[in-house]
Amino acid sequence: MSLNPDQLRILVTGASRGIGKAIAIELASRGAKIAGLATKTANLAATQAAVEAAGGEFLALEGDISVPETAQAAVKAMVDAWGGVDGLVANAGITRDNLLMRMSAADFESVVQTNLGGAFHFLKAVTRPMMKQKSGRVVLVGSVVAATGNPGQANYCAAKAGLHGLARSAALELGSRNITVNVVAPGFIQTDMTDALSEEQRAAMAQKIALKRPGTPEDVAGAVHFLLSPSGAYITGQVLLVDGGLSLG
Ligand code: NAP
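Attention here is on the structure that accompanies the text. Please read all numbers here as calculations on a predicted model, not as lab measurements.

### Quick look at the overall build of the protein chain
Here is step 1 of the chain: Scanning the protein chain from N- to C-terminus turns up 9 helices and 7 strands.
Here is step 2 of the chain: Its C-alpha atoms give the protein chain a radius of gyration of 17 Å, within 12% of the compact-globule value 18 Å for 249 residues.
Here is step 3 of the chain: With respect to the principal axes defined by its C-alpha atoms, the protein chain has extents near 45 × 35 × 35 Å.
Here is step 4 of the chain: Each of the 249 residues in the protein chain was classed as buried or not, and the buried ones make up 47%.
Here is step 5 of the chain: Taking the contacts inside the protein chain whose residues are at least 6 apart along the sequence as the reference set, 73% of them involve residues at least 24 apart.
Here is step 6 of the chain: When the accessible area of the protein chain is evaluated, it comes to approximately 11,600 Å², of which 55% is carbon and sulfur surface.
Here is step 7 of the chain: Charged side chains in the protein chain number 21 positive and 20 negative. The centres of these two groups are separated by 6 Å.

### Quick word on the site of the ligand
Here is step 1 of the chain: Close contacts around the ligand come from 32 residues, with Ser16, Thr39, Asn91, Tyr156 and Thr191 the closest.
Here is step 2 of the chain: Within the side chain of Asn43, one N or O atom sits 2.8 Å away from an oxygen atom of the ligand.
Here is step 3 of the chain: In the model, an oxygen atom of the ligand is placed 2.7 Å from a nitrogen or oxygen of the Asn91 main chain.
Here is step 4 of the chain: Sorting the residues of the shell around the ligand by element identifies α1 (18–29), β2 (33–38), α6 (154–174) and α7 (192–195) as the ones contributing at least two each.
Here is step 5 of the chain: For the shell around the ligand, the element with the highest residue contribution is α7, accounting for 3 residues.

### Brief notes about the sheet that holds strand β3 (residues 58–62)
Here is step 1 of the chain: Read across the open sheet, the 7 strands follow the order β3-β2-β1-β4-β5-β6-β7; overall the sheet is parallel. The open sheet has two free edges, formed respectively by β3 and β7 (239–242), since each of these has just one partner strand. For this sheet the average axis-to-axis angle between neighbouring strands, irrespective of direction, equals 20°.
Here is step 2 of the chain: Across 4 bridges, strand β6 (residues 179–186) lies against β7 in parallel orientation. Counterpart to Val183 in the pairing with β7 is Val239.
Here is step 3 of the chain: Seen against the sheet, helix α2 (residues 45–53) touches β2 and β3 and runs at an angle of roughly 165° to β3.

### Considering the pairing of β6
Here is step 1 of the chain: In terms of residue burial, β6 counts as a mostly covered element, since 8 of its 8 residues are buried.
Here is step 2 of the chain: Both faces of β6 are covered, namely the face carrying Ile179, Val181, Val183 and Ala185 and the face carrying Thr180, Asn182, Val184 and Pro186.
Here is step 3 of the chain: In the sheet, strand β5 (residues 136–141) pairs with β6 via 6 bridges, with the strands oriented parallel. Bridge pairing links Gly136 to Ile179 in β6.

Parameters and conventions
- Residues numbered from 1 in each chain as written.
- Predicted model: local features only at pLDDT ≥ 70, side-chain atom pairs only at ≥ 80, totals over all residues.
- Heavy atoms only, no water.
- Helix = DSSP H or I, 4+ residues; strand = E, 2+ residues; numbered from the N terminus.
- Rg over C-alpha atoms; globule rule 2.2 N^0.38 Å.
- Buried < 20%, exposed > 50% of the residue type's maximum accessible area, 1.4 Å probe, protein only.
- Contact = heavy atoms within 4.5 Å.
- Areas by Shrake-Rupley, 256 points an atom, 1.4 Å probe, with all protein chains shown as cover.
- Lys, Arg positive; Asp, Glu negative; His and termini not counted.
- Charge placed at Lys NZ, Arg CZ, Asp CG, Glu CD.
- Near = heavy atom within 4 Å.
- Polar contact = N/O pair within 3.5 Å; in protein donor to acceptor, adjacent residues only side chain to side chain.
- Pairing = 2+ DSSP bridges.
- Axes fitted to C-alpha atoms, helices over the stretch in contact; angles between N-to-C directions.

By themselves, these are just geometric observations and shouldn't be taken as functional.
Structure below.
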């Protein structure tokens with residue numbers, strides 16, 4: 001299944017590495033033009049090369065997603081270059097793990113401002129061009145721990161849980177303009193983010209997964225593509241878990 005030929009201009013935040021990079025490559029291979037954002041355009045070189053090798057066009061954008069102006073500038077750059085925005089994948093995120101008693105207010109705030117605030121700024125920024133076009137697809141990258149909780153990640157879980165409410169409210173507000181808003185919630189995926197865990201922590205986590213293996217960034221990219229493809233047209237305000245059964249118990 002390819003993307004809708006009318007829905008080809010897609011903004012992916014956190015496109016330099018891990019899940020965002022895989023999403024950019026997957027969507028480009030299905031015919032999309034990708035505007036990829038990271039903290040620095042230099043970090044996007046490998047993604048740009050892979051997107052172009054897959055036959056796609058790539059627009060490299062930089063900035064801190066927790067700053068509203070980054071989102072406004074990114075959307076303006078897309079509209080200037082390609083005349084509109086058909087899809088947003090708000091994927092960039094960070095962790096600042098610590099037990100609640102030791103978690104600083106700064107670490108709580110930076111995770112909420114980046115993971116939840118960043119998604120809000122980008123969702124808000126694409127709303128205007130998408131409403132004008134009377135079509136759009138938005139995927140926010142959440143996490144399975146939004147529903148389960150996770151010791152040491154109170155800030156991260158709070159921010160990711162916030163994305164679910166954000167998506168549901170936006171889905172209700174924007175549905176009449178043919179704009180869908182969903183969350184893809186990955187489980188334990190092999191990226192730089194999870195490479196920071198010890199071997200023991202990773203083995204223990206893998207044991208809890210029904211499919212007995214960590215996910216790959218490509219596993220998540222497939223689900224994002226589904227929601228952006230014509231097959232996902234009647235799905236909005238939902239959370240799609242891509243966790244290999246981790247959340248089953
Ligand atoms: P990752 O490998 O650590 O990559 C993070 C990406 O976000 C990078 O492209 C990074 O850009 C970008 N980024 C971080 N902070 C940013 C900021 N303030 N402004 C702009 N860009 C920023 O992470 P990942 O594992 O692929 O995770 C991607 C998403 O999936 C995150 O939202 C994460 O919470 C979620 N997730 C991951 C897992 C997992 O197991 N890996 C599980 C559930 C959910 P630079 O290269 O410029 O730093």
